[in-house]
Amino acid sequence: MSDLLETLEAFNRKERFFLFSYATGNSDRGLRLSDDFRNDLGKAMRVDVPPGAKGYIDYHIDWLHAAVLLARDPGGPMPRPNWKPGTSEPALKAEPPWVSTGNQEDLDLVVAFESGSVTWLLLIEAKAETNWTNEQVRSKADRLRRIFGSGEVDSGSLIQPRFCLMSRQPPVGLTPRPGEAWPAWMVSPSNEEGTPPGFAWLKLAVPPGRKKVTGCRDHGAESKDRKYWRVTDVRAPSGAPQTHAAS
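Rules behind the numbers
Residues numbered from 1 in each chain as written. Predicted model: local features only at pLDDT ≥ 70, side-chain atom pairs only at ≥ 80, totals over all residues. Heavy atoms only, no water. Helix = DSSP H or I, 4+ residues; strand = E, 2+ residues; numbered from the N terminus. Expected span 1.5 Å × (residues − 1). Buried < 20%, exposed > 50% of the residue type's maximum accessible area, 1.4 Å probe, protein only. Phe/Tyr/Trp six-rings, centres within 6.5 Å; stacked < 30°, edge-to-face > 60°. Core = buried A, V, L, I, M, F, W, Y, C linked by side-chain atoms within 4.5 Å. Contact = heavy atoms within 4.5 Å. Salt bridge = Lys/Arg side-chain N within 4 Å of Asp/Glu carboxyl O. Polar contact = N/O pair within 3.5 Å; in protein donor to acceptor, adjacent residues only side chain to side chain.

Draft legend 1. Just helix 4 (residues 61-72), in detail. Taking 1.5 Å per residue as the helical rise, helix 4 with its twelve residues ought to reach 16 Å, and the 17 Å between its terminal C-alpha atoms agrees with that figure. Ile61, Asp62, Trp63, Leu64, His65, Ala66, Ala67 and Val68 are the residues of helix 4 that are buried.

What follows is the structure, given as structure tokens:
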């Protein structure tokens, strides 16, 4: 096992992961992936996902960033600068932390495996009921750009990241900030001439008949005051990006 895979494993300490592993009979060293999921994910990301690939849920981006930097520059637990190299000393306080941000932003699923001397990192974000907002995807892109850069990852690189969205319907209308572009390695080349590159997408199967508890008024209209509540059906999102920030 590569040093990167060992470090990813060592950082993985979510109680939800340990509980899920115990409840489902999985190893505590990454979730076993089903053959169907591996095959579908491989088609979406255009890479063969082997049976030995491991999955990590709710994996903090801080952990991923640290693991990748340690793989590129080993050195044990010594203190390291927490701002992007090259930032001038007087401006440090104005710069956001580079690796240890202290926030909880994570990836829904990280699938990691080796192929020869290369370590593959498949980064997956999933939505079951709501759409992604541009704010959310841009935030993920900002964090991942710091780790893997803005351009294509060289084919000879020993670390190969890929990014994929999962949802009930394909996402539409996701755009980078004006004047910017999505990191090239995060998107797949367009299959249609004249259309921009888009995110790799995998359909997320959600069983029918799902319900939710909704706050409402006495006559049933939804209300944030929540003086009453009722049960409503969960409907598939339209696919258009939402304007508000969802968790």
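We are not done yet, so read on.
Draft legend 2. Local environment of the packing of aromatic side chains. This structure, assessed with the given rule, holds eight aromatic pairs. Between the aromatic rings of tyrosine 59 and tryptophan 63, the centroid separation amounts to 5.2 Å while the plane-to-plane angle is 90 degrees, which identifies the pairing as edge-to-face. One exposure class covers both tyrosine 59 and tryptophan 63, and it is buried.

Draft legend 3. Here's a closer look at the nonpolar core. Grouped together as the largest cluster of nonpolar side chains are 52 residues, with contacts concentrated most on Leu64, Val111, Leu121, Leu123, Leu144 and Phe148. The residues contacting leucine 64, other than those within four sequence positions of it, are Leu8, Tyr59, Leu107, Leu121, Leu123, Leu144, Ile147 and Phe148.

Draft legend 4. Quick peek at the pattern of salt bridges. As enumerated under the stated definition, the model contains 13 salt bridges in all. Taking the shortest distance from any N to any O, the salt bridge between lysine 14 and aspartate 106 comes out at 3.7 Å. Of this pair, lysine 14 sits in the loop between helix 1 (3-11) and helix 2 (15-24) while aspartate 106 sits in strand 3 (residues 106-115), and the two are 92 residues apart along the sequence. The class for lysine 14 is buried, based on a relative accessible area of 17%.

Draft legend 5. Local environment of the side chain of glutamine 136. In this fold, glutamine 136 is placed in helix 5 (residues 134-148). Judged by its relative accessible area of 15%, glutamine 136 is buried. A polar contact of 2.9 Å, which involves the side chain of glutamine 136, links it to the backbone nitrogen of threonine 133.

In short, geometric facts, not functional conclusions.
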